[in-house]
Amino acid sequence: MIRFRDVAVRYARASSRALDGVSFDVAVSGVTGVAGPNGSGKSTLVRALIRRQPLESGSIELAGDSIISLSQREIARRVAVAPQREEAAFPTTVREYASLGRYPRLGLWESAGKSDEVAVERALERAGVSDLADRRTDELSGGEWQRVRIARALAQEGRALVLDEPTTFLDLSHEMSLFELLHSLAAEGLAVLVVSHQLNLLARFARDVVILDRGKVAAHGSPDEVMSAPLLESVYGWPLVVSRDPATGSPALVPLRRPSPPPPSSPSES
Amino acid sequence: MSHRGWHWIVGITLFVVLCIVAVGTGPIPIAPRDVVNALFGRGEQAVVAIIRELRLPRVVLASLIGAGLGMSGGALQGSLRNGLAEPYLLGVSGGAAVGAVVALALGLNADAAVSLAAFAGAGVAVVLALVVARAAGRGGRGDPRTLLMAGVVIGAFANAVIMIALANAPPNTIRGALWWMMGSAGDASWSSVAALAISISIGGGVLLVLARDIDVLALGEEPAAALGVDVDRSARTVFLVSALLASATVAAAGLVGFVGLIVPHIVRAGGIRRHRPLLAGAALVGASLVVAADLAARTLRPPAELPLGAVTAVLGVPFFLSQLRRAT
């Protein structure tokens, strides 16, 4: 559904590339996870997908067409992206906020009709926020807010869904329920791409994981293939071990404490 | 009828009543019934002439100024994602004032010359703000904050230029410049009304068409792009059209402060968030505010007139503060 091919991006006045030859596919009916250290190019990938960052070389395809050949609106009809940075200026109701997801599907003179209302209600329900529909967006908790953002993306009715750090500020149960939601959306046929620092969650829910390191793909494959201690140690520059989730057997990463310096020797009597 | 529907009916009714009262009020008071008759050309010829040639153009001009400034402010606050954004803050007032003062200092006292110079000054300031913001912004892009900064700085620069220009000017020029900067609908004529009406219809129409883009731009640059807006082009168009709309009002009546800033907040406090109804509401509330302010400006201390720009602020700010309490 989404295909990154040799994607290279260089920011103005930067000496090295933010993305350098990144290639992978995001298939329908599955979750693809992208992880990597801070500054490895994860968010740049999302910015490039919505054309906020021009490609130096390579291409990004949506359902077979290069994003260069598509209008901004057509990109938004094919893929719903919830970027990391969002600073809404004026609070509104959850329902109005979610209905902004219909923007790419409405013509200039067309006003929202019955089918748009139905799509918005369905999106609210699917994201589990129907009961919040009349609340103001500035009164939501972190977990509710992330779900409302997903509702807006679902209202776009694209075949692909891209989320950048959807679990920032979320507690354990909200994190888990959000990933369960993404997993079931993928099971219904969506192509889901999640950019996240939560490697353990990606390992449990994603079909494919891409590890980025300084703009390059350091590893790409199933969680079992990618979650290797030597590889992740070198990418993150931190000692760690990979164990197993006791229930599902999926790999789980445990970062280690640095070996503590030897305790100061106690004064000996002899 | 929905809750919102009543807002509109009440708003439009109040505006119409206000206009009839404003047209009827003056050195020769005219009863509302006679006002309505005179508008249709019935009644005493003298009354018909006073209303059609003197008072009506003034009230219509005041409405257009308010509508233009209200829409301009609403569009700028949304697209720049900042409740403090307004056309005057972005260099419109400073640039227009420089234009007008320069024209007055050069001895060009004709209204048309001053208007034209003000419009040109505003245009130059706004384009300059845009160019400065693009040059300073990351990757050559106009960041909303950079744009606001550029506007504020250009406005401050314009004020300095005005003070230097007026420092050794003859008292007549200073008085003329000061009056112009305080704003007045007193010179209204059907030709000035027609010129402003054309600008407001075109500019306001473009903003209403772009209103849905503004809804999305208000979410931020990246979410807007993700939802399919051509962010740079849309934001630039909204900025230029809003600024030109405000410049047209400045050319017609000088500086009328605070309308662009407070009117959109008043409309938002009424629960309207989408920019198409918000801009329409800002036009209505802005028109009502300026008609009321102009009425106060010419009746509170007759026969002298108070500066319109100051009266809008005196009327608007307390109302704004009361709404602010309600909104938060």
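Residues numbered from 1 in each chain as written. Chains lettered and ligands numbered in written order. Predicted model: local features only at pLDDT ≥ 70, side-chain atom pairs only at ≥ 80, totals over all residues.

**Student:** I would appreciate a short explanation of the overall build of chain A in the present structure.
**Tutor:** Along chain A, the regular secondary structure elements total nine helices and twelve strands. In terms of overall dimensions, chain A has a C-alpha envelope of 90 × 45 × 35 Å along the principal axes. Taken across its 270 residues, chain A has 42% of its residues classed as buried. Residue pairs in contact within chain A that sit at least 24 positions apart in sequence constitute 65% of those at least 6 positions apart. (Helix = DSSP H or I, 4+ residues; strand = E, 2+ residues; numbered from the N terminus. Buried ≥ 20, exposed ≤ 12 C-beta atoms within 10 Å, placed from the backbone. Contact = placed C-beta atoms within 7 Å.)

**Student:** Could you clarify how one ought to interpret the overall build of chain B in this entry?
**Tutor:** Along its length, chain B carries 14 helices and zero strands. Put simply, chain B runs from its N terminus to its C terminus through helices and strands in the order α-α-α-α-α-α-α-α-α-α-α-α-α-α. Its C-alpha radius of gyration of 20 Å places chain B within 12% of the 20 Å reference for a compact globule of 328 residues. Based on the C-alpha atoms only, the size of chain B along its principal axes is roughly 65 × 60 × 35 Å. Burial analysis of chain B (328 residues in total) assigns 51% to the buried set. Partitioning the contacts of chain B with sequence separation of at least 6, the portion at a separation of at least 24 is 74%. (Rg over C-alpha atoms; globule rule 2.2 N^0.38 Å.)

**Student:** I would appreciate a short explanation of helix α4 (residues 114-126) of chain A in the present structure.
**Tutor:** Side chains that are three or four residues apart share a direction in an α-helix, a result of its 3.6 residues per turn. Residues and elements named next belong to chain A. Between its first and last C-alpha, α4 extends 18 Å over 13 residues, near the 18 Å set by a 1.5 Å rise per residue. Those residues of α4 that fall on the buried side of the exposure criterion are Ala119, Val120, Ala123 and Leu124. Seen end-on, α4 carries its buried residues on one side only, within an arc spanning 135 degrees. Residues of α4 that are exposed and angled more than 90 degrees away from the buried face: Lys114, Ser115 and Val118. Packed against the buried residues of α4 are α3 (94-99) and α5 (142-155). Downstream of α4 by one or two residues, Gly128 has phi in the positive range, about 75 degrees. (Expected span 1.5 Å × (residues − 1). Arc of directions from axis to C-beta.)

**Student:** Explanation requested: the environment of Ser260 of chain A in the structure shown.
**Tutor:** Tracing the backbone shows Ser260 of chain A in the segment after β12 (251-255). Ser260 of chain A sits 232 residues away from Val28 of chain A along the chain, and the two C-alpha atoms are 46 Å apart.

**Student:** What is the right way to look at the interface of chain A and chain B in this model?
**Tutor:** Chain A puts 23 residues into the contact, and the matching count from chain B is 22 residues. Tallied by class, the residues present in the side of chain A that touches chain B amount to 13 nonpolar, two polar and eight charged. (Nonpolar A, V, L, I, M, F, W, Y, C, P; charged D, E, K, R; others polar.)

**Student:** Explain the environment of Pro171 of chain B to me, please; I cannot follow it from the model alone.
**Tutor:** In this fold, Pro171 of chain B is placed in helix α7 (residues 171-182). Accessibility expressed as a C-beta count within 10 Å gives 7 for Pro171 of chain B, which makes it exposed.

**Student:** How should I be thinking about the pairing of strand β3 (residues 30-35) of chain A in this particular structure?
**Tutor:** Each regular strand shows side chains that alternate between the opposite faces of the sheet. All names here are of chain A. The element β3 is extensively covered by neighbouring structure, given that five of its six residues are classed as buried. With four bridges connecting them, β3 and strand β9 (residues 208-213) associate as parallel partners. Each residue of the ladder has a partner; that of Val34, found in β9, is Val210. (Pairing = 2+ DSSP bridges.)

**Student:** What exactly am I supposed to notice about the nonpolar core here?
**Tutor:** One recurring pattern in soluble globular proteins is that nonpolar side chains are buried together. Residues Ala151, Ala160 and Val192 of chain A together with Leu61, Ile65, Val92 and Ala100 of chain B are the most contacted members of the largest nonpolar core, which totals 183 residues. It is helix α13 (residues 275-299) of chain B that contributes the most residues to this core, 15 residues altogether. If sequence neighbours within four positions are ignored, Val92 of chain B has contacts with Pro87, Ala122, Ala125, Val126, Ala243, Ala246, Ser247 and Val250 of chain B. (Core = buried A, V, L, I, M, F, W, Y, C linked by C-beta atoms within 7 Å.)

**Student:** Could you clarify how one ought to interpret the sheet that holds strand β1 (residues 2-9) of chain A in this entry?
**Tutor:** In sheet architecture, strand pairing relies on hydrogen bonds along the backbone and comes in two forms, parallel and antiparallel. Residues and elements named next belong to chain A. The strand order across the open sheet formed by four strands is β2-β1-β4-β5, and the pairing between neighbours is antiparallel. Among the strands making up the open sheet, the edge pair consists of β2 (19-26) and β5 (65-66). By the bridge criterion, five bridges tie β1 to β2 in an arrangement that is antiparallel. Bridging from a neighbouring strand, Val7 pairs with Val22 of β2. Strand contacts of helix α1 (residues 42-49): β1, β2 and β4 (57-62), with the helix running at about 70 degrees to β2, the strand carrying the most contacts. (Axes fitted to C-alpha atoms, helices over the stretch in contact; angles between N-to-C directions.)

**Student:** Explain the confidence of the model for chain B to me, please; I cannot follow it from the model alone.
**Tutor:** Low-pLDDT stretches of the model should not have their predicted coordinates read in fine detail. Of all residues in chain B, 95% attain a pLDDT of 70 or more, and the chain-wide mean is 87. Across the whole predicted complex the pTM is 0.89, and at the interface the ipTM reaches 0.89. (pLDDT = per-residue confidence, 0-100.)

**Student:** Sorry if this is basic, but what is going on with helix α12 (residues 259-269) of chain B here?
**Tutor:** Residues and elements named next belong to chain B. Most of α12 is tucked away, with ten of its eleven residues classed as buried. Buried within α12 we find Val259, Gly260, Leu261, Ile262, Val263, Pro264, His265, Ile266, Val267 and Arg268. Of the residues one or two after α12, Gly271 is the one with positive phi, at around 90 degrees.

**Student:** Would you take a moment to explain the environment of Ala225 of chain B for this structure?
**Tutor:** By secondary structure assignment, the location of Ala225 of chain B is in helix α10 (residues 221-226). Non-local contacts of Ala225 of chain B, meaning those with residues more than four positions away in its chain, are made with Ile50, Arg51, Arg52 and Gln72 of chain A together with Val231 of chain B.

**Student:** Mind showing me how you'd approach the sheet that holds strand β6 (residues 79-82) of chain A here?
**Tutor:** Residue and element names in this part refer to chain A. Taken in spatial order, the six strands of this open sheet run β6-β7-β8-β3-β9-β10, and their pairing is mixed. Of all strands in the sheet, those with a lone pairing partner are β6 and β10 (216-221), marking the two edges. Strand-to-strand twist of the sheet, defined as the mean angle between neighbouring strand axes without regard to direction, takes the value 15 degrees.

**Student:** Would you mind showing me how to read the packing of α4 of chain A against α5 of chain A here?
**Tutor:** Describing two packed helices takes the angle between their axes plus the distance from one axis to the other. All names here are of chain A. Two elements in contact, α4 and α5, have axes whose closest approach is 8 Å; the angle formed by their N-to-C orientations is 140 degrees. In terms of axis orientation, α4 runs oblique to α5. The handedness of the crossing between α4 and α5 comes out as right-handed. Contacts between α4 and α5 involve Ala119, Val120, Ala123, Leu124 and Arg126 from the first element and Ala151, Leu154 and Ala155 from the second. For the contact of α4 with α5, the per-class residue count stands at seven nonpolar, no polar and one charged. (Parallel < 35°, antiparallel > 145°, perpendicular 65-115°, else oblique. Left-handed = near helix turned anticlockwise from the far one by under 90°.)

**Student:** Explain unusual backbone geometry to me, please; I cannot follow it from the model alone.
**Tutor:** The backbone of Arg51 of chain A sits at a positive phi, close to 60 degrees, despite the residue not being glycine. With respect to the helices and strands, the residue Arg51 of chain A is situated in the loop between α1 and β4. The backbone of Arg81 of chain B shows a phi angle near 55 degrees, a positive value even though the residue is not glycine. In this structure, Arg81 of chain B sits in the loop between α3 (45-79) and α4 (92-105). Judged by the 20 C-beta atoms lying within 10 Å of it, Arg81 of chain B is buried.

**Student:** Whenever I open this one, the packing of α4 of chain B against helix α5 (residues 111-136) of chain B confuses me. Can you help?
**Tutor:** All names here are of chain B. Packing of α4 against α5 leaves a shortest axis separation of 6 Å and a crossing angle of 140 degrees. In this view, α4 runs oblique relative to α5, as classed from their interaxial angle. Taken as a pair, α4 and α5 cross one another with a handedness that is right-handed. Each of Val92, Gly94, Gly95, Ala96, Val98, Gly99, Ala100, Val102, Ala103 and Leu104 in α4 lies in contact with α5, whose residues at this interface are Ala113, Val114, Ala117, Ala118, Ala120, Gly121, Ala122, Val124, Ala125 and Val126. The residue makeup of the contact of α4 with α5, split by class, is 16 nonpolar, four polar and no charged.

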